[in-house]
Amino acid sequence: MKGKLLIIFKSTHGYTKRYVDILGNALGCDAVPADKFRGDMIAGYDKILFIGSVRSSRINGFNKIADYLDIVYKKLVVCGVGMLPAMPERAERIKEATISVAYEKFIPVFYAQGGFDMNELSRTERMSINMMVRQIKTANLISEDDTFVLNASVTPIDEVKQANIQHLIDYLDGKTVDETLYSPPEITDEEEEKAFFEEMEKAAEAPENKKRALKKKLKK
C-alpha cells in the first residue's frame, strides 16, 4: 500500500485481533492495542485505522483516540466488528453513535462481522445477553437481527475471514470501493470543510436553544 498505516485496535474476545492479523498480512502495517496507544505514535503515519468490537452501535475503546480527532480526522479510518451480519446501514449507525458531530462527516467507517460465543462472555455480559433474549422472546415483532441473536445465544458463530474485510483492505490500499459497503466521508472539499467548521463555531457560541438547532442542521 502507499504510505504508512498504523492500526489501533480494541479486541474484547479476540475476533477483532484476528482481523488485525489479516490486515497486517495483507497490508504490511504496524499495529498497537488501544490500551498501549500514545498520542506521539501518530506522527509519521499517512493513515490511521481504529478497529474495535461493537456494543450498542458504539466501538469499544474509541475514547483512546477521541482526544486526537482534531489532529487525525483527515487520515483516520474506523471499523467496527460485531456479531451481526453486515448490512449497508450498519456502518452509518456506528458512525453516528461513536464519532462526535464535529468530525463524523470527514471519517469513513466500515463494519465487519466477527463472532459470538456465550462461553467466552463474562458473568455480567451473559446476564445482559440473557435479558436481551428474554425481551426478544416476549416481543410482538421480531426483526432479522433479533432472530440472529436468539440463534447465536444457542449456537456459537465465527465469521472472521478476509472476505468479510476485503472492502476495508482495498480502501486502505487506495483502491475504489463501492460506497454501499461502508459509510464514506461526506466532506472532502477544503471549502466545504471551512464552511462546516465556521458553522460549528457559531453553534458553540450560540444560546443553548439555538445551539441544538445548529447542531441538528450540521448532522444532516
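Remember, predicted model here, so these are calculated numbers, not experimental data.

Enquirer: Give me unusual backbone geometry: which residues, what numbers.
Expert: Positive phi, normally seen in glycine, also occurs at Ser-56, with a value near 55°. Counting through the fold element by element, Ser-56 comes out in the loop between strand 3 (47-55) and strand 4 (58-59). Backbone geometry places Ser-57, a non-glycine residue, at a positive phi of 70°. Take Ser-57: it is sitting in the loop between strand 3 and strand 4.

Enquirer: I'd love a proper account of a negative patch on the surface, names of residues and values included.
Expert: On the surface, a cluster of negative charge is contributed by Asp-189, Glu-190, Glu-191, Glu-192, Glu-198, Glu-201 and Glu-205. Within the secondary structure, Glu-190 is located in helix 8 (residues 190-205).

Enquirer: Provide a residue-level description of the layout of surface pockets, including the pertinent values.
Expert: In this approach the atoms are scanned with a rolling probe the size of a water molecule, which exposes any empty space left behind. Here the largest pocket is characterised by a volume of approximately 760 Å³. Around the largest pocket, the lining is made up of 32 residues, and of these Val-54, Arg-55, Ser-56, Gly-82 and Met-83 lie nearest the centre. When residues of the lining of the largest pocket are traced back to their parent elements, those giving at least two are helix 1 (15-27), strand 3, strand 5 (76-82), helix 4 (90-98), strand 7 (115-116), helix 5 (123-138) and helix 6 (144-152). Ranked by residues supplied to the lining of the largest pocket, first place goes to helix 5 with 5 residues. When grouped by side-chain class, the residues that make up the lining of the largest pocket number 12 nonpolar, 13 polar and 7 charged. By volume, the second largest pocket is sized at about 260 Å³. If you trace the second largest pocket, you find 16 residues lining it, with Tyr-73, Lys-74, Lys-75, Phe-106 and Tyr-171 closest to the centre. At the level of secondary structure, the elements contributing two or more residues to the lining of the second largest pocket comprise strand 5 and helix 8. For the lining of the second largest pocket, the per-class residue count stands at 8 nonpolar, 1 polar and 7 charged.

The rules behind these values
Residues numbered from 1 in each chain as written. Predicted model: local features only at pLDDT ≥ 70, side-chain atom pairs only at ≥ 80, totals over all residues. Heavy atoms only, no water. Helix = DSSP H or I, 4+ residues; strand = E, 2+ residues; numbered from the N terminus. Patch = residues over 30% accessible without salt bridge, like charges linked within 9 Å, V, L, I, M, F, W, Y side chains within 5 Å. Areas by Shrake-Rupley, 256 points an atom, 1.4 Å probe, with all protein chains shown as cover. Salt bridge = Lys/Arg side-chain N within 4 Å of Asp/Glu carboxyl O. Lys, Arg positive; Asp, Glu negative; His and termini not counted. Charge placed at Lys NZ, Arg CZ, Asp CG, Glu CD. 1 Å grid on protein atoms, 1.4 Å probe; cavity = no way out; pocket = protein on both sides within 12 Å on 5 of 7 lines; lining within 4 Å. Points joined across faces, edges and corners; volume = space filled by probe spheres on them. Nonpolar A, V, L, I, M, F, W, Y, C, P; charged D, E, K, R; others polar.

Coordinates in, geometry out; function isn't part of it.
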